[in-house]
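Residue-level structural notes
Take a look at the letters that make up each chain.
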Amino acid sequence: MNHSDIFDLSNCTLCPRNCHADRLAGNTGFCRETAEIRGARAALLAWEEPCLTGTKGSGAVFFSGCNLGCVFCQNYCLASSQAGRPLSPERLADIFLSLESEGAANINLVTPAHFSPLLVPVLEEAKKRGLRIPVVYNTGSYEKAEAIRRLDGLIDIYLPDLKYVSDELAVRYSRAPRYFAFASAAIREMVRQCPEPCFSDGSHALDAPEGEETPLMLRGVIVRHLALPGQQNDSRAVLRYLHETYGDKIFISIMSQYTPMSQVQGDPLLSRRLTEEEYDALTDYAVELGIDNGFLQEGETASESFIPAFDGTGL
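A brief look at the structure comes next. Computed from a predicted model, the values in this text were never measured in an experiment.

1. Some thoughts on the environment of Pro229
Inspection of the secondary structure assignment puts Pro229 in the loop between β8 (217-226) and α8 (232-246). Exposure remark for Pro229: the relative accessible area of 0% places this residue in the buried category. For Pro229 and Met217, which are twelve residues apart along the polypeptide, the C-alpha to C-alpha distance reads 30 Å. Here Pro229 is in contact with Tyr258, Leu269, Arg272, Arg273, Leu274 and Glu278, once residues within four sequence places are set aside.

Structure below.
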């Protein structure tokens, strides 16, 4: 397969699923989406990492569909394409510029992987029309490195998940064979494009004095890991891999917000929340590893109130 083949949506092999669906003809593969961009919400979001949120929020655009099959998905109605409406390229560029005018710290593309080739001309047009704030690519990371390479120069901040090292867990919980192999290669390409964090105060480290506003990230990579109940060993393997591979080139966000949804009530582990002891043990391990560039979550984050309404707001 040559580099350009994966962007042929008439025979879609964009992601590791290799569905070969003719999305241009209105057919769908695993992601449940055609070659028409669809979204369900575009609004300021205050729940991202502080260096992405700023004073008014991140300009989050939530796309319909997903190429992962996470059984615990908090945004299931969106990921399963039950929510969303078509967005023309022109309208989407307008939305980006409108969010910037509202004071968004950045444009946050949430779950964009299955639309990435279609977003390239939209981003190019928005930048021509004056978009100046950073663009964030917020992904579950089940992507091909070639697809990430095509975004070089258009994305300022990569915000990937690294969900698992264990292939057994990836298949059981996300129906994603070889997740770590693909996700780690995709993240490697992201770091190649953004090899050093850069902030609005001109620094390359997040050193806001106590009581002062956190500088905004302008460029860099923040890798998120959602800690799951009962999976301490794999979570430790994720943190160990990231720190040993990238050190302080990236930030690592250790998330405690796992929320048991109705579809996992029969699972003995996923039907409960992460305990405080589990999260504390994981963050203690991060400190032992020497992770300095990190984000922790404090307080009551495992709540459905953190799930936005996918009702077409801002579209």
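2. Remarks on the pairing of β8
Where a strand is regular, its side chains alternate between the two sheet faces. Along β8, eight of the ten residues are buried, which leaves the element largely enclosed by surrounding structure. The sheet contact formed by strand β6 (residues 157-160) and β8 spans two bridges and is parallel. Each bridged residue has a counterpart across the sheet, and for Tyr158 the counterpart in β8 is Val221. Looking at chain direction, strand β7 (residues 198-199) and β8 are connected through two bridges and run antiparallel. The residue of β8 that forms the bridge with Cys198 is Arg219.

3. Some details on the environment of Cys15
On the secondary structure map, Cys15 appears in the segment before β1 (38-45). When its relative accessible area of 17% is taken as the criterion, Cys15 is described as buried. Residue contacts for Cys15: discarding those within four places in its chain leaves Asn67, Tyr142 and Lys144.

4. Topic: unusual backbone geometry
Of note, the phi angle at His20 is positive, near 60°, even though the residue is not glycine. For His20, the position within the fold is in the segment before β1. Given the relative accessible area of 47%, His20 is considered partly exposed. Phi at Arg175 is positive, roughly 50°, even though this residue is not glycine. Checked against the element boundaries, Arg175 lands in the loop between α6 (167-174) and α7 (179-193). Judged by relative accessible area, Arg175 falls into the partly exposed class, the value being 45%.

Reading the values: rules and limits
- Residues numbered from 1 in each chain as written.
- Predicted model: local features only at pLDDT ≥ 70, side-chain atom pairs only at ≥ 80, totals over all residues.
- Heavy atoms only, no water.
- Helix = DSSP H or I, 4+ residues; strand = E, 2+ residues; numbered from the N terminus.
- Buried < 20%, exposed > 50% of the residue type's maximum accessible area, 1.4 Å probe, protein only.
- Contact = heavy atoms within 4.5 Å.
- Pairing = 2+ DSSP bridges.

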